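Summary of the model geometry
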Amino acid sequence: MPDDMARPLIRERAGGSRHLEASMLEPSTLVIGILGTGDFSRSLARRLVASGYQVVVGSRTPARSAALFPEESEVTSQMEAANQADLVFVAVYPEHHSTLVQLKPALAGKTLVDVSNGLQIKQEGPSNAQQLADLFPESYVVKGFNTISAWTLQAGPRDGSRQVFLCSDDQNAKSSVMQLCRRMGFIPVDMGLLSSSLEIENLPLYLFPSWRTPIICALALFVFFYLYNSVRDVLYPYVTSKKNNLYKLPIEIVNVTFPCVALVMLALVYLPGLIAAFLQLWWGTKYNRFPNWLDHWLIQRKQFGLCSFLCAVLHAIYSLCLPMRKSARFQLINKAFEQVQTGRPDSWVEEEVWRMELYLSVGIMALGLLSLLAVTSLPSVANTVNWREFTFVQSTLGYCALSMATLHTLIFGWNRAFLSAQYHFYMPPTFLLVLILPLAVLLGRLALFLPCVGHRLRQIRRGWEKSRHIRFILPDDDCRNGLENVSNV
Ligand code: NAP
């Protein structure tokens, strides 16, 4: 139990407010209140006690919950906790905030930290924190800690996310919570005014927002190429010669599908940059806003690249496992018998040997470069390189990876594109379909290397404009590329 005599004397501000100064947040002298005795409250109390703070917990039924809290903390009634505390965490669900109104006089002039999360993503306010601020107009509401789980609080910041997003309309209140946050081992991130609280409340509810399109795209490509390859390699032999190739479905077809998805996804990483460059050349200015779809695509390039990397890695693993299959062993033995029977023991075909050596070597290089891109995209690594190094890896080495992967596919195809036997059901071989996009991207990139084109693009990106007018583009709802309001300089 905290000693009453050790409790700090809080300096009264003009007007009787007990607003905390950041410099007064010495752990041993501060009493932190927590309203509510649920999971979050218990973990928070433990972390605060471990950080050296005095903790007083307010409950509707203190006797029932006291045993669940560390013995260094005090569990008492909500009113008693509100009276004793200098700064109060509101760890009750937002629908129960209104039941705390009788604490209004005790909480006046104090900082209230709203840790609540919403039930669903809200596009429009008011947020929980704003509603709490309306309920307690004489308190200083800070939004924060809602993105930290009770588990992370209990395990300590080493095991979980360390960033705590905070916002408040009162700078002093926010500073004091930021300081408290640092002492607990977290990294406070200032998100500005309380109007940002809706965004902070939505943060834990998003489900991989930037991954949705790349994943859907990768899945759609996988389904398309899997079906395409199945028709060519399983259905066609069955229809034409009653040959049962169904055994190919789990490994062989999957193995030829993954590289298709990987290559197209990698091309999709570089395509939006090219579209953006050609749009700027077409417009003759960089001040026009890109359409929304292009904006989103540009932002999601990293996710497209990581999906491509995953497919490339899976292709490599599947390929390594191919000789382990029983079917591969039986085919090998059958081939050997066939050769003995026909009296042609030497199966060495020079062209095939070269094709395979080059194919594997280029494939390994492509995978190596892709791994480098994936590692560099990790925030912890990206933070250690400067902008030039980052663009060198992501752009120059990225195009090298795309070139290598394209070459890998070209060598795989070799001369098969010219053999009519490869056009099962008049369908072109898969590698031909797959090559269309990467080759278009590589050609587009080469076009930008032409001195006249490259020079013009560099000029535009440094602010040059085709017309002497500055164009202000007013965004509209569907496409931010609509209305133009032209004014002379
Ligand atoms: P919980 O386990 O259900 O605890 C809620 C507590 O609120 C209860 O234990 C209760 O304590 C108190 N309370 C006060 N007035 C109440 C009323 N009228 N009706 C019901 N309960 C009342 O919830 P929790 O998981 O600790 O979450 C608490 C808050 O933290 C929520 O706003 C949540 O969004 C937020 N949060 C939780 C987590 C997490 O990992 N759990 C993470 C981030 C944010 P007494 O009975 O002792 O009064």
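Residues numbered from 1 in each chain as written. Predicted model: local features only at pLDDT ≥ 70, side-chain atom pairs only at ≥ 80, totals over all residues. Heavy atoms only, no water.

1. Structural notes on the overall build of the protein chain
In terms of regular secondary structure, the protein chain is built from 18 helices and 10 strands. Counting all 489 residues of the protein chain, 43% fall into the buried class. The long-range fraction of contacts in the protein chain, counting pairs at least 24 apart against all pairs at least 6 apart in sequence, stands at 71%. Entry remark: accessible area of the protein chain is about 27000 Å², with carbon and sulfur atoms responsible for 62%. (Helix = DSSP H or I, 4+ residues; strand = E, 2+ residues; numbered from the N terminus. Buried < 20%, exposed > 50% of the residue type's maximum accessible area, 1.4 Å probe, protein only. Contact = heavy atoms within 4.5 Å. Areas by Shrake-Rupley, 256 points an atom, 1.4 Å probe, with all protein chains shown as cover.)

2. Some words on the environment of Y247
Position of Y247 among the secondary structure elements: in the loop between α9 (212-241) and α10 (252-283). Residue Y247 is classed as partly exposed on the basis of its relative accessible area, which comes to 34%. For the pair Y247 and S327, spaced 80 residues apart in sequence, the C-alpha separation works out to 8.2 Å. For Y247, the residues in contact, after removing those within four places along its chain, are E252, R325, S327 and Q331.

3. Re the site of the ligand
By nearness alone, 23 residues border the ligand, and T37, F40, S59, R60 and A150 come closest of all. Contact between the ligand and H96: a nitrogen atom at 3.2 Å from a side-chain N or O atom of the residue. Within the backbone of A150, an N or O atom sits 2.9 Å from an oxygen atom of the ligand. When the free accessible area of the ligand is taken as 890 Å², the share hidden by the protein chains comes to 81%. Residue assignment for the shell around the ligand shows that the elements contributing at least two residues are α1 (39-50) and α2 (62-65). (Near = heavy atom within 4 Å. Polar contact = N/O pair within 3.5 Å; in protein donor to acceptor, adjacent residues only side chain to side chain.)

4. Notes on the packing of α10 against helix α17 (residues 430-449)
Between α10 and α17, the shortest axis-to-axis distance is 9 Å and the interhelical angle comes to 30 degrees. Relative to α17, the element α10 is oriented roughly parallel. Every pair of crossing elements has a handedness; the one defined by α10 and α17 is left-handed. Taking contact as the criterion, the partners of C260, L263, V264, A267, L268, Y270, L271, L274, A277, F278 and L281 in α10 are, on α17, T430, V434, L435, L437, P438, V441, G444, R445, A447 and L448. (Axes fitted to C-alpha atoms, helices over the stretch in contact; angles between N-to-C directions. Parallel < 35°, antiparallel > 145°, perpendicular 65-115°, else oblique. Left-handed = near helix turned anticlockwise from the far one by under 90°.)

5. A word on the UniProt feature "transmembrane region" (unreviewed entry) in the protein chain
In the UniProt entry, the feature "transmembrane region" (unreviewed entry) is given for residues 205-228, 256-283, 304-325, 358-378, 390-411 and 431-453. Summarising residues 205-228: 71% helix, 0% strand, and an end-to-end C-alpha distance of 37 Å. Within the segment residues 256-283, helix and strand shares are 100% and 0% respectively, and the terminal C-alpha atoms sit 41 Å apart. (UniProt positions renumbered as here; feature names shortened; annotations may be inferred.)

6. A look at unusual backbone geometry
In this model, G125 is joined to P126 through a cis peptide bond whose omega is 0 degrees. Mapping P126 onto the fold places it in the loop between β5 (111-114) and α5 (128-135). Although it is not a glycine, K242 adopts a positive phi angle of roughly 55 degrees. Take K242: it is sitting in the loop between α9 and α10. Residues other than glycine seldom take positive phi values, yet Y426 does so here, at roughly 60 degrees. The residue Y426 is located in the loop between α16 (387-413) and α17 in this model.

7. Observations regarding the layout of surface pockets
If you add up the space inside the second largest pocket, you get close to 1400 Å³. Along its surface, the second largest pocket is lined by 37 residues, and R301, T391, S395, Y399 and R445 are the ones closest to its centre. Broken down by element, the lining of the second largest pocket gets its largest block of residues, 9 residues, from α16. Tallied by class, residues from the lining of the second largest pocket come to 23 nonpolar, 9 polar and 5 charged. (1 Å grid on protein atoms, 1.4 Å probe; cavity = no way out; pocket = protein on both sides within 12 Å on 5 of 7 lines; lining within 4 Å. Points joined across faces, edges and corners; volume = space filled by probe spheres on them. Nonpolar A, V, L, I, M, F, W, Y, C, P; charged D, E, K, R; others polar.)

8. Structural notes on the nonpolar core
For soluble globular proteins, the rule of thumb is that nonpolar side chains tend to be buried together. In terms of nonpolar packing, the biggest core is built from 47 residues, with M265, Y270, L402 and V441 touching the most fellow members. Where this core is concerned, the elements lending two or more residues are α9, α10, α11 (292-299), α12 (301-321), α14 (350-376), α16 and α17. Here this core gets 18 residues from one element, more than from any other, and that element is α10. Setting aside residues up to four positions removed in sequence, M265 forms contacts with P214, C217, A218, L221, F304, C307 and S308. (Core = buried A, V, L, I, M, F, W, Y, C linked by side-chain atoms within 4.5 Å.)

9. Some words on the pairing of strand β8 (residues 187-190)
A regular strand places its side chains on the two faces of the sheet in alternate fashion. In terms of strand pairing, strand β7 (residues 163-168) meets β8 through 4 bridges, oriented parallel. Looking at β8, one finds that Q163 is bridged to I187. Running through helix α7 (residues 171-183), the crossover from β7 to the neighbouring parallel element β8 is right-handed. (Pairing = 2+ DSSP bridges. Right-handed = clockwise from strand over helix to strand, strands pointing away.)

10. Notes on the packing of α9 against α12
α12 packs onto α9 with a crossing angle of 35 degrees between their chain directions and a minimal axis gap of 8 Å. Considering the relative orientation of α9 and α12, their crossing is right-handed. For the pair formed by α9 and α12, the contact residues are P214, I215, C217 and A218 on the first element and Q303, F304 and C307 on the second. Across the contact of α9 with α12, the residue classes tally to 6 nonpolar, 1 polar and no charged.

11. Quick word on the packing of aromatic side chains
Enumeration over the complete set of coordinates arrives at 14 aromatic pairs. Aromatic pair Y270 and Y399: ring centres 4.6 Å apart, planes at 45 degrees, arrangement tilted. Separated by 129 residues along the polypeptide, Y270 in helix α10 and Y399 in helix α16 bring together distant segments of the chain. Here Y270 matches Y399 in class, with each residue buried. Taken together, the ring pairs in this structure connect F222, Y226, F258 and Y318 into an aromatic cluster. Cation over ring: K242 sits above Y238, and NZ or CZ is 5.0 Å from the ring centre. (Phe/Tyr/Trp six-rings, centres within 6.5 Å; stacked < 30°, edge-to-face > 60°. Lys NZ or Arg CZ within 6 Å of the ring centre and 35° of its normal.)

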